[in-house]
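# Remarks on the overall topology
Listed here are the chains, written in short residue letters.
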Amino acid sequence: MVKDNHSHSADSVLNLRLRVWRQRRGQPGAFEEHALQGVSTSASFLEMMDMLNEKLVRDGKEPFAFDHDCREGICGMCSMTINGMPHGPLPGVTTCQLHMRNFRDGETITVEPWRARAFPVLRDLMVDRSGFDKVIQSGGFISIRAGSAPEANATPIAKDVSDAAMDAAECIGCGACVASCKNGSAMLFVGAKVTHLNLLPQGQPERDRRVLAMVRTMDDVGFGNCTNQGECQAHCPKGITLDVISHLNRDYLGARVKAFFSSTGKARRGGD
Amino acid sequence: MNLDSKIPTGPLSAKWDNHKAKLRLVNPANRRKYHIIVVGSGLAGAAAASSLGEQGYDVSCFCYQDSPRRAHSIAAQGGINAAKNYQNDGDSVRRLFQDTIKGGDYRAREANVYRLAQLSTAIIDQCVAQGVPFAREYGGLLANRSFGGAQVSRTFYARGQTGQQLLLGAYSSLSRQIGAGTVKMYPRHEMLDLVLVGGHAKGIVTRNLVTGEVRTWSADCVVLCTGGYGNVFYLSTNAQGCNVSATYRSYRRGALFANPCYTQIHPTCIPVHGDDQSKLTLMSESLRNDGRVWVPKTMADCGKDPAQVAEADRDYFLERKYPSYGNLAPRDIASRAAKEACDEGRGVGPEVGGRRLGVYLDFSASIQRLGESVVRERYGNLFDMYENITGENAYRRPMRIYPAVHYTMGGLWVDYNLQSNIPGLFVGGEANFSDHGANRLGASALMQGLADGYFVLPYTVADYLAGVGLSGRPSVDGVEYRDVLAQVNDRVNRLLKNQGKQTARSYHKQLGKIIWDECGMARTREGLTKAISDIRGLREDFWKNVAVPGTGADVTPELERAGRVADFLEFGELMCRDALVREESCGGHFRTEYQVDGEAKRDDARFAHVAAWQWAGETAEPIRHEEALVYEEAQLSTRSYK
Amino acid sequence: MSTPSCNSALSSIGKKAVMALTGLLLVGFILGHLSGNLLFFKGPEALNAYAQWLHEHAALIWTARVTLLLGVIAHIAAGISLTLENRAARSGGPAVEQTRRASWGSLTMPYTGLVVLGFIVFHLLHYTFQSVALGGQTFPLATNPAFTDVHAMLVAGFSHSGVSAFYIISLALLSLHLSHGVSSMFQTLGLRNERWRGRLDILAIAFGWIVFLGFSAIPASILAGCIK
């Protein structure tokens, strides 16, 4: 963060060396080096990348493909590992909200895609994060048909429960947790969704099915296993904490134990 | 052309119920035989796709993002209105209806707005049931906050991320249907054209943004929920990918584009910092509760440290011009006043392109009165965000703000069923024109998107499908599909083969400057006329000199950008033309020729209608149609804030 | 969503739970082993009496041994499986690797685990089977030659400075392993939150030090010549 000052934040200009990952789908990739002059310190990191791309296009070269959309830190689309850190050196912000005043003149900046088996590179800095969608599709919802909802105030929910659910629900699904994890694990993402829904009264009927199904899909998609190191929390732009992983573990193990001892029911005896 | 709005008969409050009772139905066993295409996965698109999927239709949903969860509805901060009257402060469906119609400066269709107000309560029920963690009171019941343009507290919110939470709710419902197999999701697909068969919308052409494959899809009907066109200004609060292509391409296939000149400009955004800026960031309007807006009285003081400008040399222009509303003047008024101050050369902040475009929003008086900790408690996250972007500490020096485009009220013309003039083409959310008139009230966009998606389209789409029956879906091998596909491929190839040197972004920037200067907060006949000819010139130059590197057979971001910019270059002209013909000032549309003492002067005698534009070919001028706005219950009156 | 069946293959969290539960068992064993060991400083009689008591309760000791063996096998099998899966899931990682928070102990778990495994094997051969590094000596208890004079055996064994150094280094690595594992165990079982995380992390580190100092005290004191 820039220190308090009494003049306008002095905009200065940076000259940078950029090492940017270049890769086509299904082929090996490599770093490409580019010099970029005259980057304003008030530009965002993605605006710096825009400048580089504009320069490449003017020179008749292909620009670097990268994912980005809202550029206000909420859509979760931007995804770059900057000098080894997903979303760059400033904790608590997404790449689009990272500004160039956090870099030094003359610095060499290494930009690479999220790296994880479950996030294959589609092009340059773009990766395929559809594994996250698959996890949600397998159970990250409350089954409610449009039109069948009861009156909203029919079920009071304690404010602290609702607030805790909201803390978890703030996850933007960017994947920095997976990219920062030494094991390529998606436990912070899955934990956030499970915690959000399993805390709320509306989420109770499907609580066990949800957690069992989501964990199974998470494993099937090829994410790694959590080793409780906390890199995900340290890189999460939305400050999601390891609490959600603890919650996920608790709910999952509880659901497994319950399933183990649950009644098999009359109808199932014949073997269906 | 006869624009039949299909407004049901009967009293306003009974229209929707009466209408629903008459809508035709599709037998549950037959629903899976109907294929419905939904383009866009924001609040309206995700809600429509999931609801139709729940009913058993075969739905395909397309979005350009890598996941439906990233649609730009996610960025809405403030909240969502609903006439629940949980605060016991006199709210009702009728009150929400009246506020919305008045907020729209009497340029919205009465029956649609009333239905929106009626459906608002069911939306809250639906979202809570989905697990949207709305703010709550200690008693466990839902909390409300107040918002602009209303005297009741009816806004539901989830911290500053209401749009995100509502979208994630809709996305979870959509995901459930994808998991169940009723909806097939196609992310990273961009719609490039609409296919008509026998005058009905029966398919689309898309480009797969990963493989580059351009292909056709056939369906029994098409639902567009593709958002607004705010990015015609280049700089806006919209996401980078937001574009007009889906609606504009449909317009070129015969759909009418209604009121394109209605755009909303939000007064409190972080100013432009330089030529390389790509995006403007909104700061919550609530800041104006405790901040005072000013600029120096003389140009000479504009470059100074604000602390060095004596109190007597400051112009608190909102307080001066609008003594009764002061710093809380409505969005359009506050935006225009800031623009005027900067046009006089009294803007503050760093010079960008030789001009200082910013005004101060000063919290020093509030900090003195309330103490820094109170201000921090109220606005801490906003001050942090401001510091992150500008590098300035707003506790120590005034914030700098400037207006920016953030919503477009215009869109494809639709009838009461949200069906365009092309049968089988439905349009929901910001992409249609229907509910906000010339100006949208805060916390109403989310309400409209979800009302359309959950509670209107599922009924009206079924009515259309029941009408056309099961023989309605043609094969994609038909000549109509092949023709449109060939045209799309030609256009893509023309862009790829262009031997230019200029980037698509550079054209987008130039277009944005023309639109912002001439079709932004204040519009004039001369300016708009000049803008139309400038845009034409720019368009010609674009097709000669744009450079699009890449083969297109892969991820080709410049091809995506160039295609979108090409459409904006045509659409911008239509927007200026609409603004030129509407010789009145209303809501977000301010023509400097039509004002009384600096305030908007509406002309109900000549312009109490929807202007719906019909494409007439590459060289011909578009044709303007009118749908008269008939008010059965609302009383037309003039807004005043002095 | 279909009802997920209770399949026999363990999920990621299932394997982690195996790690945590077997880890808990091994931590319990370490505590017991340590308290027994500390009798060494009370003198030969106390230590040998304890050893003799253990051998007189064969059922107990064999139950413990089998349980521990199974625990160790499960811990190692799950650990290897998780580690291999994690390597594959990481797919090489970024070219520039940065670590913000992960502790040294947490990053080295597979390595410290393997060294500790080697150490356990040596330790069993050394003192349980008395087949290595004791020069073929036997240590019959003077009062009852059917039992081993454990105290004398330890003094003889640790008088070898190389052996003692190996023990102390291995114990240091075991303690590093525990400094992450003990707190991680709670997290895996869902029994930790942000408020307790700091406390449990401190507890784990403290436990690591206790284990290190407690066990190392024996070879250290013998090497230093304090106990003969």
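Residues numbered from 1 in each chain as written. Chains lettered and ligands numbered in written order. Predicted model: local features only at pLDDT ≥ 70, side-chain atom pairs only at ≥ 80, totals over all residues.

Turning our eyes to something else, we now look at the overall build of chain C. The number of helices and strands found in chain C is eight helices and zero strands. Ordered by position from the N terminus, the helices and strands of chain C form the series α-α-α-α-α-α-α-α. Structurally, chain C occupies a C-alpha span of about 70 × 40 × 35 Å along its principal axes. In chain C, 76% of the contacts between residues at least 6 apart in sequence involve partners at least 24 apart. (Helix = DSSP H or I, 4+ residues; strand = E, 2+ residues; numbered from the N terminus. Contact = placed C-beta atoms within 7 Å.)

With that out of the way, let us pick up the overall build of chain A. Within chain A one finds eight helices and seven strands. Its C-alpha atoms put chain A at 75 × 50 × 40 Å along the principal axes. Within chain A, the fraction of its 272 residues that count as buried is 62%. At a minimum sequence separation of 6, the contacts of chain A that also span at least 24 residues come to 71%. (Buried ≥ 20, exposed ≤ 12 C-beta atoms within 10 Å, placed from the backbone.)

What follows deals with the interface of chain A and chain B. Of the residues lining the interface, 74 residues belong to chain A; the matching set on chain B comes to 74 residues. Of all elements in the fold, only α1 (45–58), β6 (121–123), α2 (130–137), α3 (159–169) and α5 (187–199) of chain A reach the threshold of two or more residues within the side of chain A that touches chain B. At seven residues, α1(A) tops the list of elements feeding residues into the side of chain A that touches chain B. A per-class count over the side of chain A that touches chain B returns 32 nonpolar, 21 polar and 21 charged. (Nonpolar A, V, L, I, M, F, W, Y, C, P; charged D, E, K, R; others polar.)

Further remarks concern the sheet that holds strand β21 (residues 623–628) of chain B. All names here are of chain B. Reading across the sheet, the four strands line up as β16-β10-β20-β21 and stay open at both edges, with antiparallel pairing between neighbours. At either end of the open sheet lies a strand with only one pairing partner, and these are β16 (411–412) and β21. Of the strand pairs in this sheet, strand β20 (residues 609–614) and β21 are connected by six bridges, and their pairing is antiparallel. Pairing of histidine 609 across the sheet is with alanine 628, part of β21. (Pairing = 2+ DSSP bridges.)

Attention now moves to the pairing of strand β11 (residues 263–269) of chain B. Residue and element names in this part refer to chain B. Here β11 lies mainly inside the structure; seven of its seven residues are buried. Two strands pair when backbone bridges link them, and β11 and strand β15 (residues 399–408) are joined in this way by five bridges, in the antiparallel orientation. The residue of β15 that forms the bridge with isoleucine 265 is valine 405.

Another point: the packing of helix α4 (residues 93–103) of chain B against helix α5 (residues 110–130) of chain B. All names here are of chain B. Following both chains from N to C, one finds α4 and α5 inclined at 135°, their axes separated by 8 Å at the closest point. It follows that α4 is oblique to α5 by the angle criterion. For α4 against α5, the interelement crossing comes out right-handed. Between α4, through Val93, Leu96, Phe97, Thr100 and Ile101, and α5, the contact on the second element is made entirely by Glu110, Val113, Tyr114, Leu116, Ala117, Gln118 and Ser120. In the contact of α4 with α5, the residues fall into eight nonpolar, three polar and one charged. (Axes fitted to C-alpha atoms, helices over the stretch in contact; angles between N-to-C directions. Parallel < 35°, antiparallel > 145°, perpendicular 65-115°, else oblique. Left-handed = near helix turned anticlockwise from the far one by under 90°.)

Right, let's get into the confidence of the model for chain C. Residue and element names in this part refer to chain C. On average, chain C scores 93 in pLDDT, and the residues at 70 or more come to 96%. Under a pLDDT of 50 for its full length, residues 1–8 has, in the predicted model, twelve contacts with residues more than four places off or in other chains. Both scores are available for the predicted complex, with the pTM at 0.96 and the ipTM at 0.95. (pLDDT = per-residue confidence, 0-100.)

This part covers helix α3 (residues 43–55) of chain B. Residue and element names in this part refer to chain B. With 13 residues, α3 extends 18 Å between its outermost C-alpha atoms, agreeing within 8% with the 18 Å of an ideal straight helix rising 1.5 Å per residue. Extensive coverage of α3 is indicated by the burial of 13 of its 13 residues. Where α3 terminates, the next one or two residues include glycine 56, which has phi positive at roughly 110°. (Expected span 1.5 Å × (residues − 1).)

Our next topic: the sheet that holds strand β8 (residues 214–218) of chain B. Residue and element names in this part refer to chain B. Overall, antiparallel pairing links the three strands, which are arranged β6-β7-β8 in an open sheet. Here the strands that pair on one side only, and so sit at the sheet edges, are β6 (189–197) and β8. With direction set aside, neighbouring strand axes in the sheet form an average angle of 30°. Bridging between strand β7 (residues 200–208) and β8 involves five bridges; their strand directions are antiparallel. Opposite isoleucine 204, over in β8, you have tryptophan 217 as the bridge partner.

Moving on, we get to the environment of Cys302(B). All names here are of chain B. Mapping cysteine 302 onto the fold places it in the loop between β12 (292–296) and β13 (314–315). Residues cysteine 302 and valine 348 lie 46 residues apart in sequence; the distance between their C-alpha atoms is 5.3 Å. Sequence-distant contacts of cysteine 302, that is, excluding residues within four places in its chain, are made with Pro296, Arg346, Gly347, Val348 and Arg356.

Turning our attention to the environment of His19(B). All names here are of chain B. Along the chain, histidine 19 turns up in helix α1 (residues 15–22). By the C-beta count within 10 Å, which is 21 here, histidine 19 ends up buried. C-alpha of histidine 19 to C-alpha of threonine 9: the two residues are ten residues apart in sequence and 8.5 Å apart in space.

Let us now look at unusual backbone geometry. For Arg71(A), which is not glycine, the phi dihedral falls at a positive 55°. Considering the arrangement of structural elements, one finds Arg71(A) in the loop between α1 and β3 (81–82). A tally of 25 C-beta atoms within 10 Å means that Arg71(A) is categorised as buried. With a phi angle near 55°, Asn85(B) is a residue other than glycine that sits in the positive phi range. The residue Asn85(B) is located in the loop between β3 (80–81) and α4 in this model.

In this section: the nonpolar core. Taken as a class, soluble globular proteins show a tendency for nonpolar side chains to be buried jointly. Ranked by internal contacts, the top residues of the largest apolar core, which has 322 residues, are Ile36(B), Val223(B) and Leu412(B). If one sorts the elements of this core by residue count, helix α12 (residues 445–468) of chain B sits on top with 13 residues. (Core = buried A, V, L, I, M, F, W, Y, C linked by C-beta atoms within 7 Å.)

A few words now on the domain arrangement of chain A. All names here are of chain A. Considered domain by domain, chain A is made up of domain 1 (13–123) and domain 2 (129–144 + 155–261). Between domain 1 and domain 2, the C-alpha centre-to-centre distance is 29 Å. Between domain 1 and domain 2, the contact holds 19 residues from the first and 18 residues from the second. Residue composition of the side of domain 1 that touches domain 2, grouped by class: ten nonpolar, seven polar and two charged. (Domains from an automatic or database assignment.)

Residues and elements named next belong to chain B. Summarising the element assignment, proline 306 is placed in the loop between β12 and β13. Distance in space between the C-alpha atoms of proline 306 and serine 434 is 44 Å, their sequence separation being 128 residues. Apart from residues lying up to four places away in sequence, proline 306 is in contact with Tyr360, Arg397 and Pro398.

Moving on: helix α9 (residues 331–343) of chain B. All names here are of chain B. Along its 13 residues, α9 runs 18 Å from first to last C-alpha, staying within 8% of the 18 Å computed at 1.5 Å per residue. Most of α9 is tucked away: eleven of the 13 residues are buried. Of all the positions in α9, only Arg331, Asp332, Ile333, Ala334, Ser335, Arg336, Ala337, Ala338, Lys339, Ala341 and Cys342 are classed as buried. Of the surrounding secondary structure, the elements contacted by the buried residues of α9 are β11, β12, α8 (317–321), β14 (359–362) and β15.

Take the packing of α3(A) against α5(A) next. Residues and elements named next belong to chain A. Viewed as axis vectors pointing N to C, α3 and α5 meet at an angle of 155°, and their least axial separation amounts to 8 Å. Looking at the two axes, α3 sits roughly antiparallel to α5. Relative to α5, the crossing made by α3 is left-handed. The residues of α5 that touch α3, namely those facing Val161, Ala164, Ala165, Ala168 and Ala169, are Ala192, Thr195, His196 and Leu199. Residues belonging to the contact of α3 with α5 are distributed by class as follows: seven nonpolar, two polar and no charged.

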